[in-house]
Amino acid sequence: MIAIIFNEWKILVRNRSIVYVSLIFILSIISLAWMSNLQSESQSKAQAAAEKHIRSQWDNLEPMNPHRAAHYGVYVFKPISILNSLDDGVSSITGNVLKLEGHVQNEIVHSEASQSITISKFGKLKPSIILQYVVPLFLIFLSFGSITNDKETGRMKLIVLQGVSPEKLVLSKSISIWLYGLMLIMFSVLLQSLLGSLALDAGSRLGLTFISYGLYYLIVVCLSTFISVSFRNNTSAISLLLATWIVWTIFLPKIWGNTVEKVHPLPSRQNFIAQMREDRSKGIDGHNPRDERRSKLEKEYLVKYKVDSLSQLPINFDGIVMQADEEYGNQVWDKHFGNNYLIYQKQKKLYQLSGLLNPFSSLQNLSMGFCGSDMIHHLDFLKKAENYRRYLIKTLNDKHAHGGSRTGEWRWTVDNTFFRSVKTFDYQTMLIKNHIGNYLFDILALIAWAIFAGSLMRYKIKRDILL
Amino acid sequence: MISLKNITKSFGGFEAVKNLSIEINEGEIYGLLGSNGAGKSTTINILLGFLEPDEGEAFIDGIDVTANEDSARKKIGYISENVNLYHYLTGIENLNYFCKIAGEDYNDKALSKILNNCGLDSDVINKKVGSYSKGMRQKVGIAIAFAKKAKVLLLDEPASGLDPLASTELSSTLKSLAKKGNAVLMASHDIFRVRETCDRIGILKNGSLIDQMDTSKVTTNELEKIYIDYMRD
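These figures come from a predicted structure and were not determined experimentally. Position labels on residues start from 1 in each chain and follow its written sequence. Here every chain gets a letter starting at A, and every ligand a number starting at 1, in the order they are written. Local features are withheld for residues below a pLDDT of 70 in this predicted model, meaning they are given only at 70 or higher, and side-chain atom pairs are given and counted only at 80 or more; totals for whole chains, interfaces and linings count all residues.

Colleague: Looking at this model, I keep getting lost on the overall build of chain B. Mind explaining?
Modeller: Under the scheme used here, helices are H or I runs from DSSP no shorter than 4 residues and strands are E runs no shorter than 2 residues, and both carry numbers assigned from the N terminus. Each helix and strand in chain B was counted, giving 9 helices and 10 strands. A compact globule built from 233 residues should have a C-alpha radius of gyration of about 17 Å, and chain B, at 18 Å, falls within 12% of that. Projected onto its principal axes, the C-alpha coordinates of chain B cover approximately 50 × 40 × 30 Å. Burial in this document is a count-based property: other C-beta atoms within 10 Å of a residue's C-beta are tallied, and the residue is buried at 20 or more, exposed at 12 or fewer, or partly exposed in between, with C-beta positions derived from the backbone. A total of 233 residues make up chain B; the buried ones form 50% of that total. Considering only intrachain contacts with a sequence separation of at least 6, the fraction spanning at least 24 residues in chain B is 69%. Throughout, radius of gyration means the C-alpha value; the globule benchmark is 2.2 Å times the number of residues raised to the power 0.38. Two residues form a contact once the distance between their C-beta atoms, set from the backbone, is within 7 Å.

This is the structure in structure tokens:
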């Protein structure tokens, strides 16, 4: 088997067309990874500079009322992972700047797509596009050519007569083509490691990415071999292979994606915002409106401090009301965003099911996931940013309430010693080992497909005499 | 050495070979003459173990091909009409590869010698096979069979498309292999080449062996007349 694999590689290396195509792949991967990395680096630098500037502004705020500072707010930036330059997933359309302030949860803005007509129209060219679309197509042609050429020319007979079983021959050929695919993905993975500092989590992510692509390429090679062996008519075989590739990469993802959105629809942006506003002012589901909440809270505090009026309170009741309203707003946000989050989860689970029909979907999910650029990672950032917003606003409201001012003293101020004591938002990308469960179905779907495709190929070779 | 006993093979309703029996001895070259579709390739494929006969038995050096195809194949060298080697490898690399997968290990010197013995000059054996003529590729094919120490040589239309010199060289190579004890079955519709190369000839028509003769007893013209008469009937 090793002699056959070695020979197949020798032929691949000596075939100038294949060498040129491989060089084009490698140069494309290098240039795309390099450009993406440059862009990521410059974006990271710009983000770091902006973060520093914003923190410096915050640290040097003029003496002001803490609640005014809550309106002043802060900006946080979604960091760019180094693996983003391998697969940017949904990053270019989800935005990366978020303003955190009191009373309101803003939407994340400044997506790359919103700033570039080309990206919104055609998507961004990343090494993942080559590895997901172009390389498998080339593997299809290589597998098809390798089998049909030997079949047509009668060389297969000559090899089998030398004592090599058809099963071993086809298996060795398929392995050699698979190894070619693995070489390209290994090259991309190593390139990513060289371009960025490789922390343990990034290393695990690259390892998992390599395994995912490796499994997908195995499926492509085994199915291509199976179809090439099955059909006597080569035109039918190559047509079926190309049709499968088109259905997998273009039609099924779109059809399934649209179906998922129909089955588990997200509320429109307008409805979402309107509902949040209504719930916040009139109370969740129409119960407990703002005025009632305030008078209930007032009574509670008057009883608590055993006083008759707000002016007698030793604290600033406005800060208490502000925080209570904030917490109520948080509940409203949790209800609506939580509902959206559940819908996202349902959509993801349903979309993952398509992996049973289409291993390409599983590969895409895994590639984006392991590169940290999928919806799960985006939602994680939003969740952590919201948690920080709550910490920030509570700190400011608590100061307003308990910092020494009395109710109605809106001109009361604190100096920047207090503002400097507020912690900075320090987002850490989630560790993949803690979230691997989200991708388990996709991994299992790819493994199942690989076993299925491999079995089909072996069964067909055993059954068919290769004449 | 090669034995076909009452072989019948059908594809659907079409009988490609009918009750065919041939015995070819050690050192003998047997020519199977017939037009396209006469059943020559089917017969060779049965001997190669790629087709299973519906009836009858095929033996290579006493081994039942159907029951022990792997053992039988070890004794067979096969030259098709077009010996398709790896174009990106040289003659010597091709021979080396085919030897390796057959479990035979030769050094470069031995491989060169085999190729030289089969009629390939030293200056061409290190050139890529893509630049070889058909005749040269057939010489590599014969070298593969020789290196494998095949006792039986099966040739399917080997002279088709060869120039006269290459055809003559092929005949002499086959004769020298037969002298060493190999049994050769050559399927062809080239009357002249079969007459020049073979010791015995069988004429195959519509899957049936309709006549056999020693080549020493017929001239080329006589053989041509006999063959054409049979085909016209």
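There is more to say after this.
Colleague: Would you mind showing me how to read the overall build of chain A here?
Modeller: When you go through chain A residue by residue, the secondary structure sums to 19 helices and 2 strands. Taking 467 residues into account, the globule formula puts the C-alpha radius of gyration at 23 Å, and chain A, at 29 Å, lies well above it. Overall, chain A is about 105 × 40 × 35 Å in size when its C-alpha atoms are taken along their principal axes. A burial count over chain A gives 34% of its 467 residues as buried. By sequence separation, contacts in chain A at least 24 residues apart represent 83% of the contacts at least 6 residues apart.

Colleague: Which parts of the structure should I look at to understand helix α6 (residues 134-147) of chain B?
Modeller: Every α-helix carries 3.6 residues per turn, so stepping three or four residues along brings you back to the same face. Residues and elements named next belong to chain B. Multiplying one less than the number of residues by 1.5 Å gives the expected span of a helix. The terminal C-alpha atoms of α6 lie 20 Å apart, and with 14 residues this matches the ideal 20 Å at 1.5 Å per residue to within 8%. Of all 14 residues making up α6, 13 are buried, and the element is well covered by its neighbours. Downstream of α6 by one or two residues, Lys 149 has phi in the positive range, about 60 degrees.

Colleague: Just to check I follow, could you spell out the nonpolar core for this structure?
Modeller: Nonpolar side chains in soluble globular proteins generally cluster together in the buried interior. In this description, a nonpolar core means buried residues of the types Ala, Val, Leu, Ile, Met, Phe, Trp, Tyr and Cys, linked to one another by C-beta atoms lying within 7 Å. Residues Leu 95, Leu 115, Val 140, Ala 143, Leu 154 and Val 184 of chain B are the most contacted members of the largest nonpolar core, which totals 139 residues. For this core, the element with the highest residue contribution is helix α10 (residues 200-230) of chain A, accounting for 16 residues. Where each domain starts and ends follows an automatic or database-derived domain assignment. Here this core spans two domains, and each of domain 1 (2-75 + 151-232) and domain 2 (79-145) of chain B adds at least three residues to it. Apart from residues no more than four positions distant in its own chain, Ala 143 of chain B is found in contact with Leu 95, Ile 114, Leu 115 and Cys 118 of chain B. With 14 residues, the next largest nonpolar core counts Ala 70, Val 74, Phe 77 and Leu 396 of chain A among its residues.

Colleague: Can you help me understand the domain arrangement of chain B in this one?
Modeller: Accessible area lost when the parts come together is the quantity often used to give the size of an interface. Residues and elements named next belong to chain B. The assigned domain composition of chain B is domain 1 (2-75 + 151-232) and domain 2 (79-145). Look at where the C-alpha atoms of domain 1 and domain 2 centre, and you get two points 24 Å apart. Counting from both sides, the interface comprises 13 residues of domain 1 and, opposite them, 10 residues of domain 2. Mapped onto the side of domain 1 that touches domain 2, the elements with two or more residues apiece are β7 (152-156) and α7 (164-179). Here the side of domain 1 that touches domain 2 takes 4 residues from α7, the largest share from any one element. Residues that form the side of domain 1 that touches domain 2 fall into these classes: 6 nonpolar, 3 polar and 4 charged. By the convention adopted, Pro, Cys, Tyr, Trp, Phe, Met, Ile, Leu, Val and Ala count as nonpolar, Lys, Arg, Asp and Glu as charged, and the other residues, Gly among them, as polar.

Colleague: Got a minute to help me understand the confidence of the model for chain A in this structure?
Modeller: Parts of the model with low pLDDT should not have their predicted coordinates read in detail. Per-residue confidence from the predictor is reported as pLDDT, which spans 0 to 100. Within chain A, residue pLDDT values average 86, and 93% of them lie at 70 or more. No element of chain A has a lower mean pLDDT than helix α6 (residues 117-122) of chain A, at 52, and none a higher one than helix α15 (residues 359-370) of chain A, at 94.

Colleague: Even after reading the chapter, I still don't get the interface of chain B and chain A, so can you show me in this structure?
Modeller: Tallying the contact residues gives 19 residues for chain B and 19 residues for chain A. Listed by contribution, the elements that provide at least two residues to the side of chain B that touches chain A are α2 (69-73), β6 (76-79) and α3 (91-101) of chain B. Take the side of chain B that touches chain A: its biggest share by element is 4 residues, from α3 of chain B.

Colleague: What should I look at first to understand the sheet that holds strand β1 (residues 2-11) of chain B in this one?
Modeller: Residue and element names in this part refer to chain B. DSSP bridges decide pairing: two strands pair if at least two such bridges lie between them. Reading across from one edge, β2-β1-β4-β5 is the order of the 4 strands in this open sheet, with antiparallel pairing throughout. Edge positions in the sheet fall to β2 (14-24) and β5 (63-64), since each has one partner strand and no second. Judged from the 2 bridges that link them, strand β4 (residues 55-60) and β5 form a sheet pairing that is antiparallel. Bridging across to β5, Ile 60 finds its partner in Ile 63. For helices, the axis comes from a line fit to the C-alpha atoms of the stretch in contact; other axes are also lines fit to C-alpha atoms, and the angle between any two N-to-C directions lies between 0 and 180 degrees. Across the sheet, helix α1 (residues 40-48) lies against β1, β2 and β4, angled at about 115 degrees from β1, the strand it touches most.

Colleague: Just to check I follow, could you spell out the packing of α3 of chain B against α6 of chain B for this structure?
Modeller: Helix-helix packing: each pair is described by the crossing angle between the helix axes and the interaxial distance. Residue and element names in this part refer to chain B. Remark: α3 packs on α6, axes separated minimally by 10 Å, with the N-to-C direction vectors making an angle of 35 degrees. Crossing hand, α3 versus α6: right-handed. When α3 is examined against α6, the residues Gly 91, Asn 94, Leu 95, Phe 98 and Cys 99 are found in contact with a partner set consisting of Val 140, Ala 143, Ile 144 and Ala 147. Within the contact of α3 with α6, the residues separate by chemical class into 7 nonpolar, 2 polar and no charged. Handedness of a helix crossing follows the sense of rotation of the near helix relative to the far helix, less than a right angle counterclockwise being left-handed and clockwise being right-handed.

Colleague: Explanation requested: the confidence of the model for chain B in the structure shown.
Modeller: Residues and elements named next belong to chain B. With 100% of its residues at a pLDDT of at least 70, chain B reaches an overall mean of 88. The element-level mean pLDDT for chain B is lowest in helix α9 (residues 220-232), coming to 84, with α3 highest at 93. As scored by the predictor, the complex reaches a pTM of 0.85 and an ipTM of 0.86.

Colleague: Help me understand helix α11 (residues 234-263) of chain A, please; the structure alone is not making it clear to me.
Modeller: Taking 1.5 Å per residue, 30 residues should reach 44 Å; α11 of chain A reaches 41 Å between its end C-alpha atoms and fits that length. For α11 of chain A, the principal kink sits at Val 247 of chain A and spans about 45 degrees. What is called the bend at a residue is the angle between a pair of axes, fitted to the seven residues leading up to and ending at it and to the seven starting from it.

Colleague: Just to check I follow, could you spell out the environment of Leu 38 of chain A for this structure?
Modeller: One can find Leu 38 of chain A in helix α2 (residues 16-59). Separated by 335 residues in the primary sequence, Leu 38 of chain A and Ser 373 of chain A have C-alpha atoms spaced 17 Å apart.

Colleague: Help me understand unusual backbone geometry in this model?
Modeller: With the exception of glycine, most residues fall at negative phi, and the peptide bonds are largely trans. In this model, Asn 19 of chain B sits at a positive phi of 45 degrees, which is unusual for a non-glycine residue. Given 14 C-beta atoms within a 10 Å radius, Asn 19 of chain B is considered partly exposed.

Colleague: Help me understand the environment of Gly 454 of chain A in this model?
Modeller: Residue and element names in this part refer to chain A. Position of Gly 454 among the secondary structure elements: in helix α19 (residues 440-463). By C-beta crowding, Gly 454 is classed as partly exposed, having 19 other C-beta atoms within 10 Å. The sequence separation of Gly 454 and Lys 78 amounts to 376 residues, and the corresponding C-alpha distance is 42 Å.

Colleague: Which parts of the structure should I look at to understand the pairing of β7 of chain B?
Modeller: Side-chain direction in a regular strand flips from residue to residue, so the side chains alternate between the two faces of the sheet. All names here are of chain B. Burial within β7 is extensive, with 5 of its 5 residues counted as buried. Side chains Val 152, Leu 154 and Asp 156 of β7 all project onto a buried face; the interleaved residues Leu 153 and Leu 155 project onto the opposite face, where all are buried too. Alignment of β6 against β7, held across 4 bridges, turns out to be parallel. By the bridge assignment for β7, Ile 79 is matched with Leu 155. Across 5 bridges, β7 lies against strand β8 (residues 183-188) in parallel orientation. By the bridge assignment for β8, Val 152 is matched with Ala 183. In terms of handedness, the path from β7 via α7 over to β8 forms a crossover that is right-handed. By convention, a crossover is right-handed whenever its connection, traced from the first strand over the helix to the second and viewed with the strands pointing away, goes clockwise.

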